[in-house]
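Structural features, examined
The primary structure of each chain is shown beneath.
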Amino acid sequence: MLRVLLIGFLSLGIVGTAYWGYREHQEKNAILVHAENNYQRAFHDLTYKIDLLHDQIGTTLAMNSKVSLSPALTEVWRIASEAHSDVGQLPLSLLPFNKTQQFLSQIGAFSYRTAVRDLEKEPLTKEEYKTLQTLYQKSADIQNELRNVQHLVLKNNLRWMDVELALATNNRPSDNTIIDGFKAVENNVESFSETTDFAPTFTSITNREKGFIRAQGKRITKEEAKAIATSFLGLKGTEKITVVRSGKGADDRFYSLTIYDPKTRTETYMDITEKGGYPIWVIDNRPIKKQAISLHEASIKGMDFLKKHRFTNVELYDSTQYDNIAVLTFVINERGVRIYPEAIKMKVALDDGTVVGFSARDYLSSPVVHHFPKPAISLAQAKAKLNPNVKVMEERQAVITNNLNQEVLCYEFLGTLGDDTYQIFINAQNGIEEKVDKLQNAERTYD
Amino acid sequence: MRWRMIVCLVIFLWTYEWSTKEVHAFSSQVIQRGAVGDDVIELQARLQYIGFYNGKIDGVFGWGTYWAVRNFQYKFGLPVDGLVGESTKAKLVKVSKYYESFVKEQIRNGNSFTHYGGKPLSEQVKREGNRNQKAASSGRATATNIPKGFSQNDIQLMANAVYGEARGEPYIGQVAVAAVILNRLEHPSFPDSIAGVIFQPGAFTAVADGQIWLTPNETAKKAVLDAINGWDPSGGAIYYFNPNTATNGWIWSRPQIKRIGKHIFSK
């Protein structure tokens, strides 16, 4: 009797476990299918967008009327941007697929810039037309490769989940059809990026970081770097400093210093350029106590620090208080002209007013002040270009980097429209509205 | 003896009265744009009382407050610099009133309210329920400074990623991871939104294994804020990896910039 009961009990247990296991398996499969479908959608969407892109570029080539060219180029820009976003959803970040992404970005930037230009006044140049033709060819190649992959995926029921697994485990991914296909696309684009240059108006967005142009001079040694840190941070000499030289991937070599103060048991970090020994940034991560000084006092302390280290003509541009830290932005003011690209950031602790952060990255990577020609239009003429609804509150001259990556002399206006404040830059040579920024308002807390 | 007591009493009363009066006036700091705190609340309330400031009284000295201060200074013949120093404060206290307990109570209760003069205060409150109560009951302002182009939620999402990826790393290692996310945002080879970069399949292990949903600590948030504010300890890196656990061979081929803690940062 007992045996029968026991057997019944156990078999019930087995059946129960089997059912539970089956359910788990089902659920897992459902989730896998769901994830797989997301990948499939992104992939098929991508191939579709590339088809569209190719056709659309082709259409623009045949167009002659400027009226229809602008909208067509805008369409190219939109499709390229959507394709770019599709790529971002595929599990390719472990696969070198940079060049294709970059290619899509470049098409986008190129078509955008040509589309927003007044093509009546400034029609497509010969080079730009040639660029369009090459883009047309290249997109055809990509389209072909992708269609091939798509065909194989559909024919063999290939799964993206397998790609992800293969990539993650490094399990001979070279056997994978999808990976092979994408590698072919990548190689194709790579040859293009290397051989073809975009038209001269297109200063490459890929080379945004220009390196530390300003950091010139003789190469310093590790010991010299220590000495620079000591004088820059006003160290007492009892700190333990370790110096590491950057790897060869850095555009400009630099030293990274870790400064340990045994007294306070805090660490300060600092990078110094090898050439000339310029401090790039400093972070002091000490805990900061209750606020004792005001943001205003902190700004004065920050300014004093810069003056002490021979940054001349600096002016406070922005100050913001985050709890008990002041974050300050200084810009260079050259004879009444603000040079916005040459910005220096600082953090000042509001408990005792010491500097806890410094960053001259923008300052060091912007070209040394260039002499701009005198403005061709007057302040009043520039003001007339503004939206009449904007109430101007402040005005001055300033240099900014526009969206073609050129430094231009502008008239800067700060004005209000409704409850918002805007910063508007009018080119001082030709009166073009280079940039309009809505300045940040405080955000309410949601807690 | 009696005479001396009277003197003492007079002095006591005088200092007593002086101190209660001062409780409701500004502290001695010069207030400038970007500041937060009680002085800013008082400044906004007083400017609103005399009709110079129409925005929200939220304790953050933003652009709206700045223009209000400048208009006030202009109207009252003070030097127009947008800095609230001694003379501006004195003038402001003279021409306006500040009902501190009213203002603080509304902030505490998360009500939307105004503080105009010449109108009963009770008519200037709109109850909004308890939505904002938690933040406000700690006595803090109802708004906060945020770097341009980002929201508090963006920062939170990045802090999640940084905490999941690099919580055991030194502080600059965490700032560097946040900086990599931002560098990718700018880079043509990567998606161009914070969520796009973070959730790109396979991009971050913390996303893949769910560690991104751990609750980040203050350090991670601070690191994100530093990175957004312009500090980049990674030296412009767009990749990083842990050499002990990296399974992907390709990552080694990227030009390496530097090592921070366990991570190697590369281009």
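What you see is a predicted model; the values in this text were computed from it and never measured. (Residues numbered from 1 in each chain as written. Chains lettered and ligands numbered in written order. Predicted model: local features only at pLDDT ≥ 70, side-chain atom pairs only at ≥ 80, totals over all residues.)

**A short note on the overall build of chain B**
Within chain B, the regular secondary structure consists of 11 helices and six strands. Across the 267 residues in chain B, those meeting the buried criterion constitute 46%. (Helix = DSSP H or I, 4+ residues; strand = E, 2+ residues; numbered from the N terminus. Buried ≥ 20, exposed ≤ 12 C-beta atoms within 10 Å, placed from the backbone.)

**Focus on the packing of helix α8 (residues 171-186) of chain B against helix α11 (residues 218-228) of chain B**
Residues and elements named next belong to chain B. In the contact formed by α8 and α11, the axes pass within 8 Å of each other and the chain directions differ by 50°. Put simply, α8 runs oblique to α11. In this structure, the crossing between α8 and α11 has a hand that is right-handed. Two secondary-structure elements touch here, α8 through Tyr-171, Gln-174, Val-175, Ala-178, Ala-179 and Leu-182 and α11 through Thr-219, Ala-220, Ala-223, Val-224, Asp-226, Ala-227 and Ile-228. Considered class by class, the residues forming the contact of α8 with α11 number 10 nonpolar, two polar and one charged. (Axes fitted to C-alpha atoms, helices over the stretch in contact; angles between N-to-C directions. Parallel < 35°, antiparallel > 145°, perpendicular 65-115°, else oblique. Left-handed = near helix turned anticlockwise from the far one by under 90°. Contact = placed C-beta atoms within 7 Å. Nonpolar A, V, L, I, M, F, W, Y, C, P; charged D, E, K, R; others polar.)

**Notes on the nonpolar core**
Ile-272 of chain A together with Met-158, Val-162, Val-175, Ala-178 and Val-224 of chain B are the most contacted members of the largest nonpolar core, which has 124 residues in total. No other element matches α8 of chain B, which puts 10 residues into this core. Residues contacting Ala-178 of chain B, with those up to four places away along its chain left out, are Met-158, Val-162, Ala-223, Val-224 and Ala-227 of chain B. Listed in part, the 30 residues of the second largest apolar core include Phe-43, Ile-50, Ile-57 and Ile-79 of chain A. (Core = buried A, V, L, I, M, F, W, Y, C linked by C-beta atoms within 7 Å.)

**Description of the domain arrangement of chain A**
All names here are of chain A. Looking at chain A, the domain boundaries give domain 1 (32-207), domain 2 (222-364) and domain 3 (379-438). Domain 2 and domain 3 are separated by 31 Å when their C-alpha centres are compared. The interface of domain 2 with domain 3 comprises six residues on the first partner and seven residues on the second. Partitioning the side of domain 2 that touches domain 3 into residue classes produces four nonpolar, one polar and one charged. (Domains from an automatic or database assignment.)

**Notes on the interface of chain A and chain B**
Taken together, the 59 residues of chain A in the interface contact 58 residues of chain B. Within the residue set of the side of chain A that touches chain B, elements represented by two or more residues are α3 (98-116), α5 (160-169), β2 (254-261), β4 (279-284), α8 (295-308), β5 (314-322), β8 (355-359) and β13 (443-444) of chain A. Looking at the side of chain A that touches chain B residue by residue, the classes come out as 18 nonpolar, 30 polar and 11 charged. The pairing of β13 of chain A with strand β3 (residues 143-144) of chain B spans two bridges and is antiparallel. Paired with Arg-444 of chain A across the two strands is Ala-143 of chain B, which belongs to β3 of chain B. (Pairing = 2+ DSSP bridges.)

**Concerning the packing of helix α2 (residues 66-87) of chain A against α3 of chain A**
Residues and elements named next belong to chain A. Across the interface, α2 lies against α3 with an axial gap of 8 Å and an inter-helix angle of 155°. The angle between α2 and α3 places the two elements in the roughly antiparallel class. Taken as a pair, α2 and α3 cross one another with a handedness that is left-handed. For the pair α2 and α3, the contacting residues are Ser-70, Leu-73, Thr-74, Val-76, Trp-77, Ala-80, Ser-81, Ala-83, His-84 and Val-87 in the first and Thr-100, Gln-101, Leu-104, Ser-105, Ile-107, Gly-108, Ser-111, Tyr-112, Thr-114 and Ala-115 in the second. Residues that form the contact of α2 with α3 fall into these classes: 10 nonpolar, 10 polar and no charged.

**Thoughts on the sheet that holds strand β6 (residues 263-266) of chain B**
Residue and element names in this part refer to chain B. Pairing within the open sheet is antiparallel, and its three strands lie in the order β4-β6-β5. Among the strands making up the open sheet, the edge pair consists of β4 (239-241) and β5 (256-260). Between one strand and the next, the sheet's axes are offset by a mean angle of 25°, whatever the strand orientation. Two elements, β5 and β6, share four bridges in a ladder whose sense is antiparallel. Its bridge partner being in β6, Lys-258 is matched across the sheet by Phe-265. Sheet strands touched by α8: β4, β5 and β6. Its angle to β5, the strand with the most contacts, is close to 140°.

**A few points about unusual backbone geometry**
All names here are of chain A. We note that Arg-310 has phi near 60°; this positive angle belongs to a residue other than glycine. Looking at where Arg-310 falls in the secondary structure, it is placed in the loop between α8 and β5. A positive phi angle, close to 50°, is found at Asp-323, a residue other than glycine. Position of Asp-323 relative to the elements: it lies in the loop between β5 and β6 (325-334). Here Asp-323 falls in the partly exposed class, since 14 other C-beta atoms lie within 10 Å of it.

**Observations regarding the confidence of the model for chain B**
Residues and elements named next belong to chain B. Averaged over every residue, the pLDDT of chain B is 81; residues scoring 70 or more account for 85%. Contacts of residues 15-23 to residues separated by more than four positions or lying in other chains number zero contacts, the stretch itself having pLDDT below 50. In the model, residues 131-139 has pLDDT below 50 throughout and makes 15 contacts with residues more than four positions away in sequence or in other chains. Per the prediction output, this complex has pTM 0.83; the corresponding ipTM is 0.83. (pLDDT = per-residue confidence, 0-100.)

**Here's the deal with the UniProt feature "domain: Peptidoglycan binding-like" (unreviewed entry) in chain B**
Here, UniProt's "domain: Peptidoglycan binding-like" (unreviewed entry) annotation points to residues 37-92 of chain B. Span residues 37-92 of chain B is 57% helix and 0% strand, its end C-alpha atoms 18 Å apart. (UniProt positions renumbered as here; feature names shortened; annotations may be inferred.)

**Comments concerning helix α2 (residues 38-49) of chain B**
Residue and element names in this part refer to chain B. Here α2 contains 12 residues, and its C-alpha end-to-end distance of 16 Å stays within 8% of the 16 Å for a straight helix at 1.5 Å per residue. With respect to burial, α2 is a largely interior element, 11 of its 12 residues being buried. The complete set of buried residues in α2 reads Asp-39, Val-40, Ile-41, Glu-42, Leu-43, Gln-44, Ala-45, Arg-46, Leu-47, Gln-48 and Tyr-49. Considering only its buried residues, α2 is in contact with α3 (63-75), α4 (86-95) and α5 (100-109). Note on α2: the residue one or two positions beyond its end, Gly-51, has a positive phi of about 80°. (Expected span 1.5 Å × (residues − 1).)

**A closer look at the pairing of strand β9 (residues 391-401) of chain A**
Taken together, the three bridges between strand β7 (residues 337-349) of chain A and β9 of chain A define a ladder with parallel strand orientation. Counterpart to Arg-338 of chain A in the pairing with β9 of chain A is Ala-398 of chain A.

**Some words on α8 of chain A**
Residue and element names in this part refer to chain A. An ideal rise of 1.5 Å per residue puts 20 Å on 14 residues; α8 measures up with 20 Å between its terminal C-alpha atoms. All of the buried residues in α8 are Leu-295, His-296, Ala-298, Ser-299, Lys-301, Gly-302, Phe-305 and Leu-306. The positive-phi residue at the C-terminal boundary of α8 is Arg-310, with phi of around 60°.

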